[in-house]
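Each chain is listed here by its residues.
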Amino acid sequence: MSLNPSMNTNVASPSSFRFSFSVAVLGLLLAATGCGRTPPAYFRLNMVEATKQRLSPDQERQVATILLAMFGTPDEPVALPETGLDLAKLKLAAGPVRSDIAGRKNGLYREHCSHCHGITGDAMGPTAAFLNPYPRDYRPGVFKFKSTERSDKPTHDDLVRILHNGIPGTSMPSFALLSDVQIDALAEYVKYLSIRGETELALMRAYFELDDDAEGKLPETQEFLVAETLVPVAEKWQAAADARIAVPEMPAGLDLATSIAKGKELFYGDKANCVKCHGPTGLGDGQANDYDDWNKAIVEIGKEVQSGLAKAGETSTSGMSADEVAEHRAQLAWLDRFGDVLEGDALRPRTIPPRNLRHGIYRGGRRPLDLYYRIHAGINGAPMPAAKGTVPPEDIWHIVNYVLSLPYEFDGELGADRTLVAQGR
Amino acid sequence: MLKSIARGFVVAAACGAVSAAHADEWGSIKGRFVFGGDAPSAAELKADKDVEVCGKHKLVAEELVVGADKGIANVVVYVRDKGVKVNPELASAAAGQKPELDNKDCRFEPHVQFVQTGQELVIKNSDSVGHNSNVATVKNPPSNNLIPSGGQTTVKFSSDEAIPAQVTCNIHPWMKAWLVVRPNPYAAVSKADGSFEIKGVPAGEVELQFWHEKAGYIGEMTIGGKAEKAAKGRKKVAVAAAGTDLGEIVLAPGVFQK
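Each residue is numbered by its place in its chain's sequence as written, counting from 1. Whichever chain is written first becomes A and whichever ligand is written first becomes 1, with later ones labelled in order. Selection of residues for local features in this predicted model requires a pLDDT of at least 70, selection of side-chain atom pairs for listing and counting requires 80 or more, and totals for whole chains, interfaces and linings are taken over all residues.

Numbering of helices and strands starts at the N terminus; helices are DSSP runs of H or I of at least 4 residues and strands are runs of E of at least 2. Within chain B one finds 4 helices and 19 strands. Taking 18 Å as the expected radius of gyration for a compact globule of 258 residues, we find that chain B reaches 19 Å, a close match to that expectation. Working definition of burial: number of other C-beta atoms within 10 Å of the residue's own, with buried at 20 or more, exposed at 12 or fewer, and partly exposed in between, all C-beta atoms being placed from the backbone. Within chain B, buried positions represent 41% of all 258 residues. Across chain B, every contact between residues at least 6 apart in sequence was considered, and the portion connecting residues at least 24 apart equals 69%. Radius of gyration here uses only the C-alpha atoms, and the compact-globule reference equals 2.2 Å multiplied by the residue count raised to the power 0.38. By definition, residue pairs are in contact when their C-beta atoms, positioned from the backbone, come within 7 Å.

Each helix and strand counted, chain A has 16 helices and 2 strands in total. Put simply, chain A has 425 residues, and 35% of those count as buried. Long-range pairs, those at least 24 residues apart, make up 66% of the contacts in chain A between residues at least 6 apart in sequence.

This next bit is on the domain arrangement of chain B. Residues and elements named next belong to chain B. Note that the domain bounds reflect an automated or database-derived domain assignment. The domain architecture assigned to chain B consists of domain 1 (1–86 + 185–258) and domain 2 (88–182). Each of domain 1 and domain 2 has a C-alpha centre, and the two are 19 Å apart. Each partner contributes to the interface: domain 1 provides 19 residues, whereas domain 2 provides 21 residues. Where the side of domain 1 that touches domain 2 is concerned, the elements lending two or more residues are α3 (51–54), β2 (76–79) and β12 (187–189). In terms of residue class, the side of domain 1 that touches domain 2 is made up of 12 nonpolar, 3 polar and 4 charged. For this classification, Asp, Glu, Lys and Arg are treated as charged, while Ala, Val, Leu, Ile, Met, Phe, Trp, Tyr, Cys and Pro are nonpolar and the rest, including Gly, are polar.

All names here are of chain B. The pairing criterion is simple: DSSP has to find at least two bridges between the two strands. Strand order in the open sheet made by the 4 strands is β4-β3-β6-β9, with mixed pairing throughout. The open sheet has two edge strands with one neighbour each: β4 (107–109) and β9 (152–156). Adjacent strand axes in the sheet meet at a mean angle of 20°, parallel and antiparallel pairs treated alike. Working convention: axes come from line fits to C-alpha atoms, limited for helices to the stretch in contact. Angles between N-to-C directions cover 0 to 180 degrees.

On to the interface of chain A and chain B, then. With 24 residues of chain A at the contact, the number on the chain B side is 23 residues. Of all the elements in the fold, those that place two or more residues in the side of chain A that touches chain B are α8 (180–209), α11 (275–278) and α12 (293–314) of chain A. In terms of residue count, the dominant contributor to the side of chain A that touches chain B is α12(A) (4 residues). Considered class by class, the residues forming the side of chain A that touches chain B number 7 nonpolar, 8 polar and 9 charged.

Okay, the environment of L371(A) next. All names here are of chain A. You can see L371 is positioned in helix α14 (residues 368–377). Residue L371 is classed as buried on the basis of its C-beta count, with 21 C-beta atoms lying within 10 Å. Once the C-alpha coordinates of L371 and E223 are considered, the two residues, 148 residues apart in sequence, prove to be 42 Å apart. Once you skip the residues sitting within four places of it in the chain, L371 turns out to touch Y362, V400, V403 and L404.

Further remarks concern the packing of helix α10 (residues 256–268) of chain A against helix α15 (residues 393–405) of chain A. A pair of packed helices is captured by two measures, namely the crossing angle of their axes and the spacing between those axes. All names here are of chain A. With their axes 7 Å apart at the nearest point, α10 and α15 run at an angle of 95° to one another. Considering the angle they form, α10 stands roughly perpendicular to α15. Along its contact with α10, which presents L256, S259, I260, K262, G263, K264, L266 and F267, the element α15 presents D395, H398, I399, N401, Y402 and S405. Every angle not falling under 35 degrees, over 145, or within 65 to 115 is termed oblique; those three ranges are roughly parallel, roughly antiparallel and roughly perpendicular.

A few words now on the environment of T258(A). Relative to the elements of secondary structure, T258(A) occurs in helix α10. On the basis of neighbour counts, which here come to 11 C-beta atoms within 10 Å, the residue T258(A) falls in the exposed class.

Along an α-helix, a turn takes 3.6 residues, which lines up residues three or four apart on a common side. We define the bend at any residue as the angle between the axes fitted to the seven residues before and including it, ending there, and the seven starting there. Roughly 45° is the biggest bend found in helix α9 (residues 222–239) of chain A, and it falls at V231(A), with proline P232(A) one to four residues downstream. On the buried face of α9(A), the contacting elements are α3 (57–71) and α8 of chain A.

Residues and elements named next belong to chain B. Taken together, the 5 strands give an open sheet; going across it, the order is β13-β1-β19-β16-β17, and neighbouring strands pair in mixed fashion. Edge positions in the sheet fall to β13 (195–202) and β17 (226–229), since each of these pairs with one other strand and no more. On average, each strand axis in the sheet is tilted by 30° relative to the strand beside it, whichever way the strands run.

Our focus in this paragraph is the environment of R244(A). Residues and elements named next belong to chain A. Among the secondary structure elements, R244 is positioned in the loop between α9 and α10. By C-beta crowding, R244 is classed as partly exposed, having 16 other C-beta atoms within 10 Å. Separated by 98 residues in sequence, R244 and K146 place their C-alpha atoms 8.7 Å apart. In contact with R244, not counting residues within four places along its chain, are S147, T148 and T155.

Bringing the confidence of the model for chain B into the picture now. Note on scores: pLDDT gives the predictor's confidence for each residue, bounded by 0 and 100. Averaged over every residue, the pLDDT of chain B is 90; the share at 70 or more is 91%. Below a pLDDT of 50 lies the segment residues 1–22 of chain B, which in the model reaches 18 contacts outside its immediate sequence neighbourhood of four places, other chains included.

In structure tokens form, the structure reads like this:
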């Protein structure tokens, strides 16, 4: 078969030429990499943040190089002692799926997590766009379901619990069939991806704060990279174990019906104000147009790009100086590029509905304790505010009891709202 | 003790020759932001939550507030220099202050508040309905506390913020405010007439940072009739002990069309 259609025009149509050409290229690739060997995996740069911060290609390269030195690759992770991470655990989770010499399964993250959460932990795995809610993006370092205060990191045990139980009502399954050692390794790897992602964000944001004499280059010193950038991120993870919410016992000798009645009053009252978002029926229909922090970031950038393009469309370059024309063109190129980045590196933003409390599905766990954490600290990254400081612990327990009773509340008790409840089911 | 004195000396030396040369001379920087076009009318906001309370107030978008005399409110100006020497009187005054952010008439008052690191911000609720204040800080731990009618919460800031942080209320999504968190007292938010003053700045040269909610970092301005570029919204100014008046700083409408 000839690769040159002009020499054999009768048999080779242009399309078969392309076909045979691509086969030849594939053959070359196979020869170069060897059959059956997985090409090395790489971490994707956070292009949304890089573009938002208007980083130059040189600056993007600098961030990538620094991250490579500090964290290694998806196949060969590196953990500086300051991260507090256990490299042996990371190695079990990292890399392609394979067995080691002792017959232990390696590459656990690639096997179980990366389809949705992505190799980079950016929630841009191949299945991500098809899920609702979207998978968690670990890079901002924000996690919802945990036993710590709102702005604190989850404890290691919190991550293990989520891996073990999954997240009901979402696509996150339970990994209870994995061994404790494997789940432990995956929890460690999630922390690794999160610390890496937050360090990347900090590096990208640091360019703006540079003085002019730095010439747009971050200092590659131990002090800046480790002490000023990595340590503040890693320390928060190390502090999590001590940041657990102190939960007082549920008041002893309490009559459940009385507690539920008190909880109901609080639910509708001005102090806890649950009704404002979860709705007068508890169906989650009180507040419909809010976003969580991940989606809100994309919404806001999208607005900026759109209004920027609208403004550019109205601007005429006639009468501009050469400098101004160049500036105008650079701005247009940036907006254009941002449009492409949002298309390829972000998912279409979605609003976050408040939870429908009549389904009896509790994403962060169904123990009364789990609901206590959610109400006390709010949900980090989501609009749900913290009741701590406003609602005393005993009253939080009453709200927990009321919320847990909602799926079983007799429609008739809702009085005038019963038709609404029926529609919602 | 000796160590901390030595460290103080190093910091002072690192601030550059400027502050060392005028060790005890302090001047203020003032000016007035003026809108270089017809004053835009503010869009009305629709209060669709707690209508019986919030619907009573005429709520308007506050992303660009231009007064009758074309003064631009809520423009943020601060001294960028990290090691700037701080006037001891201002430092001790700041230590006793607790800046406030009030949920009042279903909006935040003020719309832009300045807080110094180490200070506690008191977030109040003077309304008859409950609010929550979602403080989206980047370097400080973010918070989102419920604040019932008549209640308050305090937020402490241990680190400065590279850009002003947004505060929102998730119950009333139209509510928005900004916090300017800086490590020293040298920041100001322009008043309704567009005027601002940063007091007690060490005499010499400092670099100012200009920011506005709608404009972002302000890269173009006309000072004393002269059009000037301010890359990344930064501009060096000389501070005289007698005070430096930048006069009218005109910002073209295009600056706010981002």
